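Survey of secondary and tertiary structure
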Amino acid sequence: MSMAGIRVRNIAGAALTGALVLGQTVAAHAESTLRVVMHSDLKITDPIWTTAYISRDYGYMVFDTLFALDADLNVRPQMVGDYSVSDDGLTYSFTLRDGLMFHDGEPVISLDAVNSIERWMHKDVMGQKLFEFTDRFEIVDDNTFELHLKEPYGLVLLSLAKPSSNVPFIMPARMAKTPGDAQIEEFIGSGPFVFESGEWEPGNKAVFTKFEDYVPRDEPPSWAAGGKVVNVDRVEWLSMPDQQTQVTALAEGEIDVLEQMPHDLLPLLEGEDDITVWSPNPLGYQYMFRMNWLLPPFDNQQVRQAAIAALNQEDFLKAAIGNPDYYEVCGAMFVCDTTFATDAGSDLLVTSHFERSRELLAEAGYDGAPVVLLHSTDLAVLSNLAPVAKQLLERGGFTVDMQSMDWQTLVSRRSNKGPVGEGGWNALMTAWVAADILNPISTAGINASCEDAWFGWPCDQELEELRDAFARETDLEVQKELATAIQERALEVVTHGYTGQYYVPMAYRSDRVEGLVPGPATYFWNVRKNGE
């Protein structure tokens, strides 16, 4: 897929400089430390157990992947040196490149890769679909393994190069044997950084140091592909829940990078010559309103339809982003201006229809029982969403019990399938990197495989049959037709509501930092720290 039509947002005067897209840079001098405020505090260090983006970003620091997407959305080998596909399309052979080593000094071998991919397959939406086509893995030797399919499947490499949650990170086999519903308890990977677990203070800081034995590829970095050359000795993720404090710390030089610059505080940095604001993710993000199909009232399709009838995108975007330069109303479940974009069936969601919402609730026999809506309070791009949802749902006839908590608590709670009285939930709002949701297979919210689906657990055989048809189809025009049918079905049964497309600026001290790599996740290889 080409990048044509995909928008890159930069505020005036903050053009992407050549330093941001250069290849490998010379090593920084000793004891260089990059101080960063990330979008969330790190509490969960298993990027397969959760789709939380802070855990994904941790994963990119500590682990590596077999393949990766570059900035042109091409699949490129990463840990893999050579690979081949049989003439019948049923056997993929992979050979690991030389020099791969875990942080504990053990070499990366085929067993590690196979066990890691098998664990990922059972948790991730693309992995689950790949698993359905998989016959078996076969380990040829310590460096070579094979994937044998039941029938040809055209998304094998794209699946293994999935750029965002859940990323198929490779970990030691013993860790990868951890059941998918349990969290790993070690911090060992083979990625470019080592996690200093002894210095980890949840709520305060997380520390990573350069892995001296990491062997980068020779190519320049491009998104998560290419050479991951580490030019700093230490990266510190510092927790600062207050947004004003974050911006002040950046302006005064106490931190080097603010991963997500609050949109409403952008004017505070105007005229700051040593600070650059840019949009590192050209694809942007998409908001999601998610309902729990397992519990009343959203176990009823008409009630789910009533909920999305009450919502509209503009209210969410104005409240959460505010600056129209950084958002757009978008009727495409698979992201506006991309290959499978369509606004089919989206009118009920783009615009509020309160009368229709109340009619649907009456037809469904909704008794006014409170809907438990989870509210994240500590992420700038999420904190205003639940209050807007509460207001709109109440205008549509719902009774809403909004329960506030920090994002990491919400991430843990959303896995609870029990009743609301035992820590369960009815609805929540979240956001997805657009790179995660470009097609019906990668989009976790579309997965309607019941108990194996993403949190909310939608269950619809017809939708799954359409997704299977898309996975088998090789003709692009037919795939587009199927994507339209899938969006229409997803809105009919209401897997989720998509509530607007937006872009998030990053701010950094350009007087001391260079080499930041753009992409759908946040990376810290290639970054050079000056002035220390």
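Residues numbered from 1 in each chain as written. Predicted model: local features only at pLDDT ≥ 70, side-chain atom pairs only at ≥ 80, totals over all residues. Heavy atoms only, no water.

1. Some thoughts on the sheet that holds strand S6 (residues 91-96)
What links the strands of a sheet is backbone hydrogen bonding, and the strands pair in either a parallel or an antiparallel sense. Heads up, the rule is: Strand pairing follows a simple DSSP-based rule, namely that at least 2 bridges must link the two strands. Here a strand is any run of E in DSSP of at least two residues, a helix any run of H or I of at least four, and the numbering for each starts at the N terminus. Axis lines are fitted through C-alpha atoms, for helices just across the contact stretch, and the angle between N-to-C directions can take any value from 0 to 180 degrees. We call two residues in contact whenever any of their non-hydrogen atoms come within 4.5 Å of each other.
One open sheet holds the four strands; their spatial order is S5-S6-S8-S7, and the pairing between them is antiparallel. Either end of the sheet is taken by a strand with one partner, and the two such strands are strand S5 (80-85) and strand S7 (134-139). Between one strand and the next, the sheet's axes are offset by a mean angle of 15°, whatever the strand orientation. Pairing of S5 with S6, which is carried by five bridges, proceeds in the antiparallel orientation. Note on S6: the bridge partner recorded for Asp-82 is Thr-95. Along the sheet, helix H2 (residues 110-121) makes contact with S6, S7 and strand S8 (144-149), crossing S7 at roughly 160°. The strands touched by helix H3 (residues 125-133) are S7 and S8; relative to S7, the strand with the most contacts, the crossing angle is about 90°.

2. Quick look at the nonpolar core
Quick note on the threshold: Only buried residues count toward a nonpolar core. Its members are Ala, Val, Leu, Ile, Met, Phe, Trp, Tyr and Cys residues joined through side-chain atoms within 4.5 Å. Exposure categories follow from relative accessible area, calculated using a 1.4 Å probe and restricted to protein chains: below 20% of the type maximum is buried, above 50% is exposed, and the middle band is partly exposed.
Membership of the largest hydrophobic core comes to 172 residues, with the highest contact counts inside it found for Trp-237 and Phe-398. Beyond its immediate chain neighbours, meaning those up to four positions away, Trp-237 contacts Val-36, Met-38, Leu-42, Ile-54, Asp-57, Tyr-58, Met-61, Asn-204, Lys-205, Ala-206, Phe-208 and Phe-524.

3. Comments concerning the layout of surface pockets
This is how it is decided: With a 1 Å grid spanning the protein atoms alone, the term cavity applies to any set of points in which a 1.4 Å probe fits but cannot get out, the term pocket to an open set with protein on both sides within 12 Å along at least five of seven lines, and the term lining residue to any residue with an atom within 4 Å of a point. Grid points are joined across faces, edges and corners, and a volume is the space filled by probe spheres set on the points. Under this grouping Gly is polar, as are all residues other than the nonpolar Ala, Val, Leu, Ile, Met, Phe, Trp, Tyr, Cys and Pro and the charged Asp, Glu, Lys and Arg.
Counted as a void, the largest pocket has a volume near 700 Å³. In terms of lining residues, the largest pocket is bounded by 30 residues, among which Gly-154, Leu-155, Leu-158, Phe-340 and Asn-439 are the most central. If you list the elements that add at least two residues to the lining of the largest pocket, you get helix H13 (461-472) and helix H14 (476-493). Classifying every residue of the lining of the largest pocket by side-chain character gives 19 nonpolar, seven polar and four charged. Taken as a whole, the second largest pocket encloses approximately 470 Å³ of empty space. Around the second largest pocket sit 25 residues that line it, and Lys-123, Glu-451, Ala-453, Phe-455 and Trp-457 are the ones nearest its centre. Looking at side-chain class alone, the lining of the second largest pocket contains nine nonpolar, nine polar and seven charged residues.

4. Notes on empty space enclosed by the protein
This structure, assessed with the given rule, holds four cavities of 30 Å³ or more. Within this model, the largest cavity holds a volume of roughly 300 Å³. Forming the walls of the largest cavity are 27 residues, and the residues nearest its centre are His-39, Tyr-53, Gln-260, Tyr-285 and Ala-431. Those elements giving two or more residues to the lining of the largest cavity turn out to be helix H1 (53-62) and strand S19 (427-433). Among the elements that make up the lining of the largest cavity, the one with the highest residue count is H1 (four residues). Forming the boundary of the second largest cavity are Trp-278, Pro-280, Met-506, Leu-516, Val-517, Pro-518, Gly-519, Ala-521, Thr-522 and Tyr-523. Each residue belonging to the lining of the second largest cavity can be placed in one class, and the counts come to eight nonpolar, two polar and no charged.

5. Observations regarding the sheet that holds strand S21 (residues 506-509)
With respect to topology, seven strands assemble into an open sheet ordered S10-S11-S12-S1-S13-S21-S14, the strand pairing being mixed. Each of the sheet's edge strands pairs with one partner strand only, and the pair in question is strand S10 (193-195) and strand S14 (275-278). When strand S13 (residues 257-258) meets S21, the two strands line up antiparallel, connected through two bridges. Bridging across to S21, Leu-258 finds its partner in Ala-507. Contacting S10, strand S11 (205-210) and strand S12 (234-238), H1 runs over the sheet at an angle of about 170° to S12.

6. Examining the pattern of salt bridges
We apply this condition: We define a salt bridge as a contact between a side-chain nitrogen of Lys or Arg and a carboxyl oxygen of Asp or Glu at a distance within 4 Å.
For the structure shown, the criterion picks out 32 salt bridges. Between Asp-70 and Arg-76 there is a salt bridge whose closest N-O contact spans 3.5 Å. Asp-70 gets classed as buried once you look at its relative accessible area, which sits at 5%. Sharing partners across several salt bridges, the network here consists of Lys-129, Glu-132, Glu-464, Arg-467 and Asp-468.

7. Points about the state of the cysteines
This is how it is decided: Note on terminology: pairs of cysteine sulfur atoms within 2.5 Å are recorded as disulfides.
Evaluated as defined, the whole model comprises two disulfides. With a sulfur-sulfur separation of 2.1 Å, Cys-330 is cross-linked through a disulfide to Cys-336. Because the sign of the S-S torsion sets the handedness, a value of about 110° for the bond joining Cys-330 and Cys-336 places this disulfide among the right-handed ones. Judged by its relative accessible area of 2%, Cys-330 is buried. Between the sulfur atoms of Cys-450 and its disulfide partner Cys-459 the distance amounts to 1.9 Å. Since a negative S-S torsion denotes a left-handed disulfide, the Cys-450-Cys-459 link at about 60° is right-handed. Classification of Cys-450 as partly exposed rests on a relative accessible area of 28%. For Cys-459, a relative accessible area of 41% translates into the label partly exposed. Within the chain, bonded cysteines paired by disulfides and numbered along the sequence follow the pattern 1-2, 3-4.

8. Points about the packing of aromatic side chains
Under the convention used in this document: Only rings of Phe, Tyr and Trp enter the pairing, Trp through its six-membered ring, and a pair is recorded when the two centres are within 6.5 Å. The plane angle decides the type: under 30 degrees is stacked, over 60 is edge-to-face, the rest tilted.
Following the criterion strictly, the structure yields 29 aromatic pairs and no others. Geometrically, the ring pair formed by Tyr-287 and Tyr-502 is stacked, given 4.2 Å between the ring centres and 20° between the ring planes. Residue Tyr-287 is found in strand S15 (residues 285-291), and its partner Tyr-502 is found in strand S20 (residues 496-502); the two are separated by 215 residues along the sequence. For Tyr-287, a relative accessible area of 0% corresponds to the buried category. With relative accessibility at 1%, the residue Tyr-502 sits in the buried group. Where Trp-425 meets Trp-457, the ring centres are 6.1 Å apart and the plane angle is 45°; that geometry is what we call tilted.

9. Observations regarding the confidence of the model for the chain
What counts is decided by this rule: Each residue gets a pLDDT score, which is the predictor's confidence in that residue and runs from 0 to 100.
A residue-level look at the chain finds 94% of positions with pLDDT of 70 or above and a mean pLDDT of 92. Counting contacts from residues 1-29, a segment whose pLDDT is below 50, to residues more than four positions away or on other chains yields 74 contacts.

10. Considerations on unusual backbone geometry
In the segment running from Ser-165 into Asn-166, the intervening peptide bond is cis, with an omega of -10°. Looking at the element boundaries, Asn-166 is found in the loop between helix H4 (156-160) and strand S9 (169-170). In this chain, Pro-296 is followed by Pro-297 through a cis amide linkage whose omega measures 5°. Relative to the elements of secondary structure, Pro-297 occurs in the loop between S15 and helix H7 (301-310).

11. Re the side chain of Thr-209
With respect to the element layout, Thr-209 can be found in strand S11. Assessed through its relative accessible area of 17%, Thr-209 is described here as buried. Setting aside residues no more than four positions away along its own chain, Thr-209 makes contact with Pro-192, Phe-193, Val-194, Glu-196, Asp-233 and Arg-234.

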